[in-house]
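Given next are the chains, with one letter for each unit.
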Amino acid sequence: MAMAIDLENSLNDLTVVLSSKERDFLICTNGEQVTLSSITGKIVGLYFSGSWCGPCRQFTPKLVEAYESLYPKGDFEIVFISSDKDDESFNEYFGKMPWLAVPFSDAEARKNLKQLFKVRAIPHLVILDGTGKVLSNDGVKFIKHFGPEAYPFTSERINYLRLEEERAKENQSLRSLLVYGSRDFLISNEENKISVSGLEGKTVCLYFGTSTHRGCKNFTLKLAEVYEKLKGNNFEIVLISLDEKYEDFKEGFEAMPWLALPFKDKNCERLVQYFEHKLLPQLVVLSPDGKTLQQNAVKFVEEYGDEAFPFTQEKLVTLANLKKKKLEAQTLESILVTADRDFVISNGGLKVPVHKLVGNNIVLYFAASWSLPSREFQPKLVTAYHEIKKKDETFEVIFISSDQDEPSFNNIFSSMPWLALPFDDERRSFLSRRFSIVGIPVAIAISPNGCTVNTQVRQLLEAHGAGAYPFTEEHIKNLQQQLDKNTTGWPKKDRNEIHNEHELALIHQQVYLCSGCKEMGYGWAFFCKRCDYGLHPKCAPKQEEMN
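The rules we used
Residues numbered from 1 in each chain as written. Predicted model: local features only at pLDDT ≥ 70, side-chain atom pairs only at ≥ 80, totals over all residues. Heavy atoms only, no water. Core = buried A, V, L, I, M, F, W, Y, C linked by side-chain atoms within 4.5 Å. Buried < 20%, exposed > 50% of the residue type's maximum accessible area, 1.4 Å probe, protein only. Helix = DSSP H or I, 4+ residues; strand = E, 2+ residues; numbered from the N terminus. Contact = heavy atoms within 4.5 Å. Arc of directions from axis to C-beta. Pairing = 2+ DSSP bridges.

## Let's talk about the nonpolar core
Most often, soluble globular proteins have nonpolar side chains that are buried together.
Then, number 1: In terms of nonpolar packing, the biggest core is built from 56 residues, with Leu-18, Leu-46, Tyr-47, Trp-99 and Phe-117 touching the most fellow members.
Then, number 2: Ranked by residues supplied to this core, first place goes to helix 2 (residues 54-70) with seven residues.
Then, number 3: Apart from the residues within four sequence positions on either side, Leu-18 is in contact with Arg-23, Leu-26, Leu-36, Ile-39, Leu-46, Val-79, Val-102 and Leu-113.
Then, number 4: Ranked by size, the runner-up nonpolar core spans 31 residues in total, among them Phe-395, Val-397, Ile-412 and Phe-423.

## Thoughts on helix 15 (residues 406-413)
Then, number 1: Every buried residue belonging to helix 15 is among Phe-409, Ile-412 and Phe-413, and all of these are buried. For helix 15, the angular spread of the buried residues around the axis is 95°, confining them to a single face. Summarising the geometry of helix 15, the exposed residues directed more than 90 degrees from the buried face are Pro-407 and Asn-411.
Then, number 2: Buried residues along helix 15 sit in contact with strand 15 (343-346), helix 14 (372-391), strand 18 (395-401) and strand 19 (419-420).

## Things to note about the pairing of strand 13 (residues 282-286)
Then, number 1: Among the five residues of strand 13, five are classified as buried, and the element is accordingly described as predominantly covered.
Then, number 2: Of the two faces of strand 13, both are covered, the one formed by Gln-282, Val-284 and Leu-286 as well as the one formed by Leu-283 and Val-285.
Then, number 3: Of the pairings in the sheet, the one linking strand 10 (residues 203-209) to strand 13 comprises five bridges and is antiparallel in character. Pairing of Phe-208 across the sheet is with Gln-282, part of strand 13.
Then, number 4: Alignment of strand 13 against strand 14 (residues 292-294), held across two bridges, turns out to be antiparallel. What sits directly across from Leu-286, in strand 14, is Thr-292.
Then, number 5: Here strand 13 folds back onto strand 14 in antiparallel fashion, the turn holding five residues, of which Gly-290 has a positive phi close to 90°.

## Some thoughts on unusual backbone geometry
The general pattern is negative phi for most residues beyond glycine and trans for most peptide bonds.
Then, number 1: Note the cis peptide between Phe-309 and Pro-310, where omega equals 10°.
Then, number 2: Looking along the chain, the bond that leaves Tyr-469 and enters Pro-470 is cis, with omega of 15°.
Then, number 3: With respect to the helices and strands, the residue Pro-470 is situated in the loop between helix 17 (457-464) and helix 18 (473-486).
Then, number 4: A positive phi angle, close to 70°, is found at Phe-311, a residue other than glycine.
Then, number 5: One can find Phe-311 in the loop between helix 11 (298-304) and helix 12 (313-328).

See the structure below:
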């Protein structure tokens with residue numbers, strides 16, 4: 001019945017939309033039946049969700065909070081449409097909800113509602129007005145961003161809230177951000193209350209993070225170093241904890257020398273929405289007048305440390321220019337030699353002085369044993385290493401590990417035929433910042449005079465193998481021209497015996513997964529766009545066979 005409703009052109013009778021041939025009621029968490037007529041004329045949220053869905057479990061408590069605030073108005077209701085697979089899961093999940101639901105037993109109705117409202121992912125919240133007309137399909141976004149303030153969810157109300165938000169940003173101050181309700185204080189890790197007014201006139205960083213997130217753990221150590229150097233310079237940090245458990249918050253905050261909002265303070269969620277938080281960790285920098293200087297200064301702290309202070313655009317431009325000059329003057333010793341370390345090691349434990357590597361072609365290899373892409377790429381690099389070494393004895397690879405413990409480092413390094421920085425070496429962090437390493441594995445080529453030749457060595461080896469060496473721009477250009485020349489004799493289309501239902505067209509791809517050898521490919525491929533089926537030229541039928 002529900003499938004007959006035209007959402008585009010007619011008002012919806014909720015008693016028709018939510019009922020079925022055998023049922024004209026909804027249920028409460030205690031199992032009682034509620035007639036559909038009881039929600040007629042109300043603003044209704046249809047909540048598509050499932051207990052197995054992590055984002056759903058995170059969002060449901062926020063929706064409960066909004067519901068409990070709006071329910072007393074008397075004209076608002078929510079109806080749960082479950083995506084669970086069994087009764088037990090449905091009952092456990094629905095038991096934590098204060099609203100109504102379509103019975104789990106009515107599987108056909110639940111399926112029809114998902115199709116009717118074009119639900120592609122959960123959680124999904126459709127808002128209907130008193131006539132049953134769709135007000136919005138973005139209920140989840142509105143509740144996350146505005147909470148119960150979004151009521152009655154009309155476009156006029158949402159536009160008004162957005163304008164208010166813009167005005168608030170124009171008049172932003174430290175107090176407007178950190179004071180919430182009657183709370184006008186922050187806390188130290190010794191549980192002392194510190195007045196927000198004590199931070200006015202300072203450069204303040206809002207640190208969004210969780211104590212269990214690996215990236216946050218690593219960044220906290222770096223940020224603590226910076227804080228110790230800057231804390232006497234009208235500088236402060238405030239933790240905006242996103243931890244779910246108090247034990248995690250307490251353990252993480254105890255190791256932090258700065259201040260924080262109290263655990264689960266309602267202002268934490270407001271600030272997450274206000275600063276459009278998307279990535280962990282996030283470090284928002286506020287100028288002494290309370291205005292936003294940087295939406296996320298994590299990369300500046302990682303790259304420049306305390307030198308980034310006071311995080312103004314002028315200072316960051318100056319630092320970027322200095323970095324450019326350093327790169328132009330880079331030598332192998334300038335990036336690998338520190339006051340107390342001037343060597344790398346072999347996997348036999350021998351120390352190799354860096355000065356003995358000066359004048360060699362070097363590849364810095366950033367990887368880790370826990371990284372699946374690293375483990376998949378390593379055999380290719382080993383093969384290329386031996387092939388290149390036969391042609392050029394001056395070629396060498398230096399492994400820079402991202403492993404979390406020494407046994408893991410030793411395990412993966414023992415399978416490598418090249419050199420490495422020791423596990424407990426601070427140069428690992430320096431090089432990661434210097435070359436802006438985000439994901440691994442990454443392979444960077446350094447020329448005999450110490451300059452950076454190419455930061456895409458991994459991709460080049462994936463595409464061309466040892467033939468990509470020496471990784472210079474001129475060599476790669478010639479290599480690509482030769483490959484392009486070779487393709488002129490190939491047919492533009494072909495039918496492969498494995499993929500014979502569609503033609504394979506010769507096209508140039510940036511990156512693709514070869515359906516033949518299951519390895520990454522770059523450049524020319526025989527490809528079927530209909531099926532996303534592609535073959536390396538070497539995996540396609542031989543040229544003479546195709547002709």
